[in-house]
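# Topology and contacts: notes
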Amino acid sequence: MLIRITGLAILVTLSLFIFITAAKTLNLDINRIVASQEEAAFADKDEVAVIPARPQPAPIVYGIHTDSLEIVEGAVAPGESLSELLAAYNISPATVHALAQKSKEVFNVRRIAANRHYTILHARDSAQTAQYFIYEPNEVEYVVYDLRGDLAVTKEKRKVEVLERVLGGEIKGSLFESVVEAGGSPQLVNRFADIYAWRLDLNRIQPGDKFKLIYDEKIVNGSTIGYGELKAAYFEHEGDSIYAIAFKEGNSSGYYDQNGKSLKKAFLREPLEYTRISSRYSKSRFHPVQKRYKAHLGTDFAAPRGTPIRTVGDGVVLDARYTRGNGYFVKIKHNKTYTTQYLHMSKFAKGIRRGVHVKQGQTIGYVGSTGLATGPHLCYRFWKNGKQVDALKVKLPSGTPVSKTSMAAFNAVKNEIAQKMQSINLKSEQQLLATKKEKQPTEG
């Protein structure tokens, strides 16, 4: 009896052990299954995360959808014609000729110039036939040549954003270096120099002199393409402060100092945009070619070959020819009192010949070294009442001051300019944004 009871206890105990072990094993497998499912779920999520984004639509260029087109960009090579540009894109000379005829009233294809940007949109096939040719004659305009079907040519203009900016600095070296270092451009230096040329000798300014400018900057697609009006300037020289305020009175406009006196004279002071004087008017100067002392009744301006030369005033061309000493030269009669002459040119500007009327600032030729010259420069001569005089010292009548009837309006402009000038930081080396002007409308 005892043996039977003991055997039954052992059997129960063994069964219980097997059941517990099986339960543990089963629970472990379930955990593994759950863990495996969770890992699979995470894996699926990771796979979803790396699925590439849906392709973006093709860009729209010059208002043209390019979903089925390839975009090719480039710059016109020197001497390259429209026919040569399109020959590689299955456009025949006959088609180019027909396109040129249609383009005459919009943009003459003969005016396509070297280094200007162009875009070709061609089909995505083996022939790569051009569908559009777009040419940019400048930063604002672009011409669209539609090469499909009957052909079409249109000229468009981008929106130009005009920002008013201010700039200030102190003279450390030359005026040119100082303005550029402060964030300005050579174009601003030239405008500044022309305004102050008769009031200040800009070749003799001193370190410590101060300048400030308020001007318009033109921007297309976020990039500066040039400058608009120089609205005002300020120059402090040896304790003397001179404002230059742009003011329009009636049909005329000009720059005036803080007292309303015109900064303009009858002539530009110099026949080149701001440059360096290499030799001044002298009754006795050692001639570098003839190797002897003689009178030098002119002013020499050092400048690179090809620099444009401008007439300092309105007038009529008396002479435009070549001589052994003067090289290519132009002589202009401005009125009964004043005559000017420009020597050693590399060539004349287009249309410059005897009897032609010219306007102040018009290009009449280009700097060279023809005649008795050791290097590229301009010799500028000035006559008053038939006698040669020093062009930089001759006294000329000033322009008309602001009239009494317009003085109140001028003072209002002056006060606004003065407030802006006071806010300009002279130590800033960057252009400062003053105000934003409205965008110019797009012209078709």
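Throughout what follows, the structure given in this document is the object of discussion. Since this is a predicted model, take the numbers as computed values, not measurements. (Residues numbered from 1 in each chain as written. Predicted model: local features only at pLDDT ≥ 70, side-chain atom pairs only at ≥ 80, totals over all residues. Heavy atoms only, no water.)

### Concerning the overall build of the chain
For clarity, the threshold we go by: A helix here means a DSSP run of H or I that spans at least four residues, while a strand means a run of E at least two residues long, and both kinds are numbered starting from the N terminus. Burial classes: relative accessible area under 20% of the type maximum marks a residue as buried, over 50% as exposed, and values in between as partly exposed (1.4 Å probe, protein chains only). Working rule for contacts: check all heavy atoms of both residues, and any pair within 4.5 Å makes them a contact.
Regarding its fold elements, the chain presents six helices and 25 strands. Burial statistics for the chain: of 444 residues in total, 40% are counted as buried. Considering only residue pairs separated by 6 or more positions, the chain has 63% of its internal contacts joining residues 24 or more positions apart.

### Considerations on the pattern of salt bridges
Going by this rule: Within this document, salt bridges are pairs made up of a side-chain nitrogen of Lys or Arg and a carboxyl oxygen of Asp or Glu, the two lying within 4 Å of each other.
Per the stated rule, a full pass over the model turns up 12 salt bridges. One salt bridge in this structure joins Arg 199 and Asp 257, with 3.3 Å as the shortest N-O distance. With Arg 199 in the loop between α5 (186–196) and β9 (210–220) and Asp 257 in the loop between β12 (252–256) and β13 (276–279), this pair connects stretches of sequence that are 58 residues apart. The residue Lys 420 makes a salt bridge to Glu 416 at a minimum N-O spacing of 3.7 Å. Remark: Glu 416 and Lys 420 occur in helix α6 (residues 407–422); sequence separation between them is four residues, near one turn of the helix.

### Details of the side chain of Gln 131
Applied cut-off: Two N or O atoms form a polar contact when they lie within 3.5 Å of each other; inside protein one atom must be a possible hydrogen donor and the other a possible acceptor, and for residues adjacent in sequence the pair counts only when both atoms belong to side chains.
Positionally, Gln 131 belongs in strand β5 (residues 130–135). Polar side-chain contacts of Gln 131 include one of 3.3 Å to the backbone oxygen of Thr 129. Gln 131 has contacts with Leu 69, Leu 121, His 122, Ala 123, Tyr 145, Asp 146, Leu 147 and Arg 148, leaving out every residue within four places of it along the chain.

### Structural notes on the sheet that holds strand β3 (residues 69–75)
Counted only if it meets this: Strand pairing follows a simple DSSP-based rule, namely that at least 2 bridges must link the two strands. Axes here refer to lines fitted to C-alpha atoms; in helices the fit is confined to the stretch in contact. Angles between the N-to-C directions go from 0 to 180 degrees.
Strand order in this open sheet of five strands is β3-β4-β5-β6-β7, and the pairing throughout is antiparallel. Lying at the two open borders of the sheet, with one neighbouring strand each, are β3 and β7 (152–157). Within this sheet the neighbouring strands show an average axis-to-axis angle of 20°, counted without direction. Strand contacts of helix α3 (residues 93–103): β6 (141–146) and β7, with the helix running at about 50° to β7, the strand carrying the most contacts.

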